[in-house]
Amino acid sequence: MIRAVDSPPHVSAPVLAAYSYCEAVTGQQARNFAYGIRLLPTAKRRAMSALYAFSRRVDDIGDGELAGEVKLARLEDTRALLARIREGEVEEDDTDPVAVALSHAARVFPIPLGGLDELIDGVQMDVRGETYETWDDLKVYCRCVAGAIGRLSLGVFGTEPAARGAERAGEYADTLGLALQLTNILRDVREDAAGGRTYLPADDLAKFGCSAGFNGPTPPEGSDFAGLVHFEVRRARALFAEGYRLLPMLDRRSGACVAAMAGIYRRLLDRIERDPEAVLRGRVSLPGHEKAYVAVRGLSGLDTRHVTRHVSRRSVRRRA
């Protein structure tokens, strides 16, 4: 069982200001993420915003216009800052609000900060321009940049005291992160290609005649692009199904947060499946009203109840 913390100690004015900064960053730059975390109680919402703001900083280094060697140096500087946070060396009056907020969050919640080291490892892979031959290769990257975020988030959420199978909660959080990242990769396939990045496994690209890449609004000539997308969608759906087993292990509001964030990406996946070539024409997204509906559905507990019934039926079949 992972301990959930519901009654944080008094928060000083400098720390409150640091959290406010992180929440502003989250609201401005992470619309899908923000829809989920607004369902959390205050202490958890603040901690998740601190995690996001630090992660955003790491991602921005990787996505920026600096030379590769400069990016790698800045990533190592960020890793050194993370070490200071881990060692409790960041004071409340430090000039870096993200460091102040994350330091406080790590004192209040059992956050496995090593996951942020993994995120830095993953962004370094981006900077070095690594490509992936197989799904097993890509999973290593996805676990760094998304699975680790799932495990970090679980440190904030905690698990319910009586949750069955809670010893596997970290595994399910990791898997859900993989599902979200694979959905991101499908959504951003054209944008990534324009930036010189290819994430989908080379084996899969070759199987569907897409090795030439995605440099325009139409698929490579003679390719089965729709077949490739549907293949990856099925893989992502299997990951979602496994990762959703986390939901019954969380308290109501944490479960609602996860269900809302995952639900938005599952609906993106539905749209991509219906019109695979849309990802080559532009970014596929959901309108605000649909995101709000997903958030309300998560808060109602519908997804959690569905998963609980599904898991129970599987358990009965195994015993029969």
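Refer to the structure presented above.
A short tour of the structure in this document, coming up. Since the model is a prediction, treat every value here as computed from it, not as a measurement.

So, how was this worked out
Residues numbered from 1 in each chain as written. Predicted model: local features only at pLDDT ≥ 70, side-chain atom pairs only at ≥ 80, totals over all residues. Heavy atoms only, no water. Helix = DSSP H or I, 4+ residues; strand = E, 2+ residues; numbered from the N terminus. Buried < 20%, exposed > 50% of the residue type's maximum accessible area, 1.4 Å probe, protein only. Areas by Shrake-Rupley, 256 points an atom, 1.4 Å probe, with all protein chains shown as cover. 1 Å grid on protein atoms, 1.4 Å probe; cavity = no way out; pocket = protein on both sides within 12 Å on 5 of 7 lines; lining within 4 Å. Points joined across faces, edges and corners; volume = space filled by probe spheres on them. Nonpolar A, V, L, I, M, F, W, Y, C, P; charged D, E, K, R; others polar. Contact = heavy atoms within 4.5 Å. Core = buried A, V, L, I, M, F, W, Y, C linked by side-chain atoms within 4.5 Å. Phe/Tyr/Trp six-rings, centres within 6.5 Å; stacked < 30°, edge-to-face > 60°. Lys NZ or Arg CZ within 6 Å of the ring centre and 35° of its normal. Salt bridge = Lys/Arg side-chain N within 4 Å of Asp/Glu carboxyl O. Polar contact = N/O pair within 3.5 Å; in protein donor to acceptor, adjacent residues only side chain to side chain.

### Considering the overall build of the chain
The secondary structure content of the chain amounts to 15 helices and 0 strands. Residues classed as buried in the chain amount to 52% of the 320 residues present. In the form shown here, the chain has an accessible surface area of approximately 14700 Å², with 50% of it arising from carbon and sulfur atoms.

### Remarks on empty space enclosed by the protein
Tallied over the entire structure, the rule returns 2 cavities of 30 Å³ or more. Space inside the largest cavity adds up to approximately 60 Å³. If you trace the largest cavity, you find it lined by Ile-185, Val-189, Asp-192, Ala-193, Arg-197, Thr-198, Tyr-199, Leu-200 and Phe-214. Broken down by element, the residue count for the lining of the largest cavity peaks at 3 residues, all from helix α9 (residues 189–194). Looking at the lining of the largest cavity residue by residue, the class counts come to 6 nonpolar, 1 polar and 2 charged. Approximately 30 Å³ is the volume found for the second largest cavity. As for the second largest cavity, its lining consists of Leu-186, Val-189, Leu-200, Phe-225, Leu-228, Val-229, Glu-232 and Val-279. Element by element, the count of residues in the lining of the second largest cavity is highest for helix α11 (residues 225–243), at 4 residues. When grouped by side-chain class, the residues that make up the lining of the second largest cavity number 7 nonpolar, no polar and 1 charged.

### Things to note about the environment of Leu-228
In this fold, Leu-228 is placed in helix α11. C-alpha of Leu-228 to C-alpha of Asp-204: the two residues are 24 residues apart in sequence and 7.1 Å apart in space. Once residues within four sequence positions are removed from consideration, Leu-228 is found in contact with Leu-200, Asp-204, Leu-205, Phe-208, Cys-210 and Phe-214.

### Side note on the nonpolar core
Counting 101 residues, the largest nonpolar core has Phe-54, Leu-116 and Phe-214 as the members making the most contacts within it. At 11 residues, the largest contribution of residues to this core is made by helix α7 (residues 135–157). If sequence neighbours within four positions are ignored, Leu-116 has contacts with Leu-51, Phe-54, Ser-55, Leu-82, Leu-102 and Leu-152.

### A few points about the side chain of Thr-183
Relative to the helices and strands, Thr-183 resides in helix α8 (residues 169–187). Using a relative accessible area of 0% as the deciding quantity, one classes Thr-183 as buried. When residues no more than four places from it in sequence are discounted, the contact partners of Thr-183 are Ala-236, Phe-240, Tyr-265, Leu-268, Leu-269 and Ile-272.

### Considerations on the packing of aromatic side chains
Aromatic ring pairs are described here by two measures, namely the spacing of the ring centres and the angle between the planes. Per the counting criterion, the structure on display carries 5 aromatic pairs. With centroids separated by 6.3 Å and ring planes inclined at 80°, the aromatic side chains of Phe-240 and Tyr-244 adopt a geometry described as edge-to-face. You can call Phe-240 buried: its relative accessible area is 2%. When its relative accessible area of 5% is taken as the criterion, Tyr-244 is described as buried. Sitting over the ring of Tyr-244, Arg-266 keeps its end group 4.8 Å from the ring centre.

### What to know about the pattern of salt bridges
Applying the stated criterion across every chain yields a total of 27 salt bridges. Between Arg-187 and Asp-188 there is a salt bridge whose closest N-O contact spans 2.9 Å. Pair check on accessibility: Arg-187 and Asp-188 agree, each one buried. Salt-bridge contacts for Glu-290 lead to Arg-267; the nearest nitrogen and oxygen are separated by 2.9 Å. In this pair, Glu-290 is assigned in helix α14 (residues 288–300) and Arg-267 in helix α12 (residues 252–274), connecting sequence segments 23 residues apart. A single salt-bridge network, built from bridges that share partners, covers Glu-76, Arg-79, Arg-86, Asp-117 and Asp-121.

### Notes on the environment of Arg-235
Here Arg-235 is to be found in helix α11. Relative accessible area serves as the criterion here: at 18%, Arg-235 is assigned to the buried category. The sequence separation of Arg-235 and Leu-182 amounts to 53 residues, and the corresponding C-alpha distance is 8.6 Å. When residues no more than four places from it in sequence are discounted, the contact partners of Arg-235 are Trp-135, Leu-182, Pro-201 and Asp-204. Here the side chain of Arg-235 touches Asp-204 through a polar contact of 2.9 Å, side chain to side chain.

### Remarks on the layout of surface pockets
Its volume calculated, the largest pocket comes out at about 1500 Å³. Looking at the largest pocket, it is lined by 50 residues, and the ones nearest its centre are Arg-56, Asp-59, Asn-184, Arg-187 and Tyr-265. Broken down by secondary-structure element, the contributors of at least two residues to the lining of the largest pocket are α1 (13–29), α2 (31–37), α3 (42–63), α6 (114–127), α7, α8, α9 and α12. Of the residues assigned to the lining of the largest pocket, the class counts are 26 nonpolar, 12 polar and 12 charged.

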